[in-house]
Amino acid sequence: MPRNRRPVDRAEKRSEIVNAARSLFVDDGYEHTPMGRIATAAGVTTNTIYWYFGDKDELLVGVLDDIHTEALGRFGALATQSVNEQVLWVVDELEKYHRLVDTVHSRTSVAACIDKWHNDFHALWEQWIAVELRNAGVDDAGIEPTTRMIVFVIEAMLTHPQDEASKRAMIDLLFRKVGVRR
């Protein structure tokens, strides 16, 4: 039964909904998770979810924001590691959420909020890659195409999972070829 009796801070309630959706989206997939199940898991009514999120896609963006914020916090601790190690960490992190990665890619053409989130996500990480390439001495003309190539390799690894040794070998070769030394 929904627990709408006690007063709950708006941010706390939103967080409870996002956490419930996150768990279900990761475990069961976005497509197999109706709003009613999310409401039950969060201990609210389905209508309550719509007070916080316009639709299921907006709720997915809330989940993605939550996951991304947590990941960025952990990523900061890797600052002393090589760019190769940092990229491998990103790949491993994204693999944990493969269902959500697939969902985002499949929904960008039908949900403007997901498309915007996806574009913003790429812009942030592509900017980081470009800075790393620039710091490694890659010439300005090569920054954009090299960044895109690195993103394509990462996305290919997510689409076609590899064991750790294969991922490491591909990332090491890629960065060697573009002139980034460990």
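Above this note sits the structure.
Here we summarise the structure given alongside this text.

1. Examining the overall build of the chain
Here is step 1: Per the secondary structure count, the chain includes nine helices and zero strands.
Here is step 2: Starting at the N terminus, the α and β elements of the chain follow one another as α-α-α-α-α-α-α-α-α.
Here is step 3: For the C-alpha atoms alone, the extent of the chain along its principal axes is close to 60 × 30 × 30 Å.
Here is step 4: The buried share of the chain, reckoned over its 182 residues, is 46%.
Here is step 5: At a minimum sequence separation of 6, the contacts of the chain that also span at least 24 residues come to 65%.
Here is step 6: For the chain, the computed accessible surface area is about 10100 Å², with 54% contributed by carbon and sulfur atoms.
Here is step 7: Charge-centre separation for the chain: the mean point of 22 positive side chains lies 4 Å from the mean point of 28 negative side chains.

2. So, helix α2 (residues 35-42)
Here is step 1: Regarding α2, the residues found buried are Met 35, Ile 38, Ala 39 and Ala 42. Projection of α2 onto a plane perpendicular to its axis shows the buried side chains occupying an angular sector of 100°, all on one side.
Here is step 2: On its buried side, α2 packs onto α1 (10-28), α3 (46-52) and α4 (56-75).
Here is step 3: A positive phi of about 75° marks Gly 43, the residue just after α2.

3. Here's the deal with the pattern of salt bridges
Here is step 1: A complete count under the given rule lists 15 salt bridges for this structure.
Here is step 2: The residue Arg 22 makes a salt bridge to Glu 70 at a minimum N-O spacing of 3.0 Å. Taken as a pair, Arg 22 in helix α1 and Glu 70 in helix α4 lie far apart in primary sequence, 48 residues in all.
Here is step 3: Owing to a relative accessible area of 35%, Glu 70 belongs among the partly exposed residues under this scheme.
Here is step 4: Here the salt bridges share partners, and the residues they tie into one network are Asp 92, Glu 95, Glu 164 and Lys 167.

About the cut-offs
- Residues numbered from 1 in each chain as written.
- Predicted model: local features only at pLDDT ≥ 70, side-chain atom pairs only at ≥ 80, totals over all residues.
- Heavy atoms only, no water.
- Helix = DSSP H or I, 4+ residues; strand = E, 2+ residues; numbered from the N terminus.
- Buried < 20%, exposed > 50% of the residue type's maximum accessible area, 1.4 Å probe, protein only.
- Contact = heavy atoms within 4.5 Å.
- Areas by Shrake-Rupley, 256 points an atom, 1.4 Å probe, with all protein chains shown as cover.
- Lys, Arg positive; Asp, Glu negative; His and termini not counted.
- Charge placed at Lys NZ, Arg CZ, Asp CG, Glu CD.
- Arc of directions from axis to C-beta.
- Salt bridge = Lys/Arg side-chain N within 4 Å of Asp/Glu carboxyl O.

The values are spatial; any link to function lies outside them.
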